[in-house]
Amino acid sequence: MYNMFLKDSDDEDEDEWFYDSIKRYKQLRMFDFENIIQQIELSDPSTICVVGKHKSGKHEVLELSLPEKLTVAPSHEGLVKNSDLKLKSGGFTVAPVVQMKVLWNQRRIIVSEKDQTGVAIYNLGSANSDLITRFGSVTCEFVTPLMALNNQDFVLLTATTQRDFVVIDLAVNAILYKLSIDSTNETECGLEPSFVSENLAALCDRNSGSIFLHDVRASKTCGNFSPATQNFNESRVGRKLWTVKTTYCNKKSLSSAHGGVNNPKLGIASTMGDLVIYDLRNTSVAVCESNIGKVIDIQSHTGDFYSQVPVINFSPDDETQVSSSGFDGNVYVYNVSCTEKFKTVFVHDGHIKQSDGVNCRVTSHMWYQENIVISAADNSWLHCWQFIPDALS
């Protein structure tokens, strides 16, 4: 099920790519899955949870131990032989998963399921069972909501077609309050949430990219700002959707260089290739903004919100490095420290090389540590790779 990618080929281009990869990657491990992996989340320092679409149409959640080659300290790497993913537990969800969040080190996950109200809670496997089972649900009137999670186990849920949101305390499974963002535009399709710190959440207008900051402790909205879209090429025809990601790390037991407290950053990206980075200490002007020259034709996508928008993530070790995927079969790493066009630090094109000339699309990716990224594509392969930052120089 999870096999290292070994391929004999007479194709000179492929052979050249594999030889070249020795200079570009410190580590490169590729695994074949039965399912198309759609989301990846770290559940503890050495384990990931992935959501995959089964051939039957059902969605399956798998808990996987990462190879020790990735998780051990570099000084001990030579003493480790394990280089494989190992299945710890798995199970099917009641309905297709739109979004998954992991309760860090609690062996539970929260999922928003298609056409279901509120969100569901699933227990990961235990010592007595390797089956992931449904534990309960978080009651809410929103159907297929989008969600964000903070360190205090507060869940912020937003409606799909409204500008309402609720804050829920998981400790008591109760709604703390419900609010709405005022809008004069009746065509707004809703908000996407992302925490900036334990008490501050960012709500992104999915149509315009406007950001509303909300203090969950004070239960009030405390500011808003919008991208300077006049600087972008608006001549391209087509609907545009925006997504948001911050440097906030909601994993309590991991030390992170970007804990989202001292110098929080926020990034928004559009399906038309717009990428804007803000320092939340001064949102009157973006730290940097550019168009990366990639487009997602959302008219051809009929799935949920997260299958249509790009994935953006900040490096946990260097906040000037931002990764992006979802436009094609590559994962792009950019340096966003300047206001000019972003510098491309690295391009992971391994998924494309496995597709035998057939177009593929990266469905999800996440940073692990020390320039290690885990990515998956719709060709059913998952890659764990550690890139060398100056390999393109």
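Provided above is the structure to which this section pertains.
Residues numbered from 1 in each chain as written. Predicted model: local features only at pLDDT ≥ 70, side-chain atom pairs only at ≥ 80, totals over all residues. Heavy atoms only, no water.

1. Quick look at the overall build of the chain
Helix and strand content of the chain: three helices and 28 strands. Residues classed as buried in the chain amount to 56% of the 393 residues present. Contacts in the chain between residues far apart in sequence, at least 24 positions, make up 54% of those at least 6 positions apart. Summed over all atoms, the accessible surface of the chain reaches about 17,300 Å², with 47% contributed by carbon and sulfur. (Helix = DSSP H or I, 4+ residues; strand = E, 2+ residues; numbered from the N terminus. Buried < 20%, exposed > 50% of the residue type's maximum accessible area, 1.4 Å probe, protein only. Contact = heavy atoms within 4.5 Å. Areas by Shrake-Rupley, 256 points an atom, 1.4 Å probe, with all protein chains shown as cover.)

2. Concerning the pairing of strand S7 (residues 108-113)
Most of S7 sits out of view: five of its six residues are buried. What sits between strand S6 (residues 97-103) and S7 in their antiparallel hairpin is a turn of four residues, with Asn105 showing a positive phi close to 60°. Strand direction decides the pairing type here: S7 and strand S8 (residues 117-123), joined by four bridges, are antiparallel. In the sheet register, Ile109 faces S8, and the bridge partner there is Tyr122. (Pairing = 2+ DSSP bridges.)

3. Regarding the packing of aromatic side chains
Per the stated rule, a full pass over the model turns up eleven aromatic pairs. Members of the aromatic cluster, each reached through a chain of ring pairs, are Trp17, Phe18, Tyr25, Phe346, Trp367, Trp385 and Phe387. Looking at Lys58, its charged tip hangs above the ring of Phe92, at a distance of 5.7 Å from the centre. One cation-aromatic arrangement involves Arg108 over Phe135; the distance from NZ or CZ to the ring centre is 3.6 Å. (Phe/Tyr/Trp six-rings, centres within 6.5 Å; stacked < 30°, edge-to-face > 60°. Lys NZ or Arg CZ within 6 Å of the ring centre and 35° of its normal.)

4. Let's talk about the pattern of salt bridges
Think of it this way: side chains of opposite charge can pair up when their charged atoms draw near. Evaluated as defined, the whole model comprises 13 salt bridges. Between Glu63 and Lys88 there is a salt bridge, with the nearest N and O atoms lying 3.7 Å from each other. Of the two residues, Glu63 sits in strand S4 (residues 59-65) while Lys88 sits in strand S5 (residues 86-92), which places them 25 residues apart along the sequence. On the accessibility criterion, Lys88 (36% relative accessible area) is partly exposed. For Asp274, the salt bridge identified is with Lys240, shortest N-O distance 2.7 Å. Pair noted here: Asp274 is in strand S20 (residues 274-279) and Lys240 is in the loop between strand S17 (220-225) and strand S18 (242-246), with a separation of 34 residues, a long-range link. (Salt bridge = Lys/Arg side-chain N within 4 Å of Asp/Glu carboxyl O.)

5. Some details on the nonpolar core
Grouped together as the largest cluster of nonpolar side chains are 22 residues, with contacts concentrated most on Leu241, Leu275, Ile277, Ile292, Tyr334, Val336 and Phe342. Sorting the residues of this core by element identifies S20, strand S22 (311-314) and strand S24 (331-335) as the ones contributing at least two each. Other than its neighbours up to four places away in sequence, Ile292 contacts Gly273, Leu275, Ser324, Phe327, Tyr334 and Phe342. Core analysis: the next-biggest nonpolar cluster, separate from the first, contains 20 residues, Phe33, Leu62, Tyr368 and Cys384 among them. (Core = buried A, V, L, I, M, F, W, Y, C linked by side-chain atoms within 4.5 Å.)

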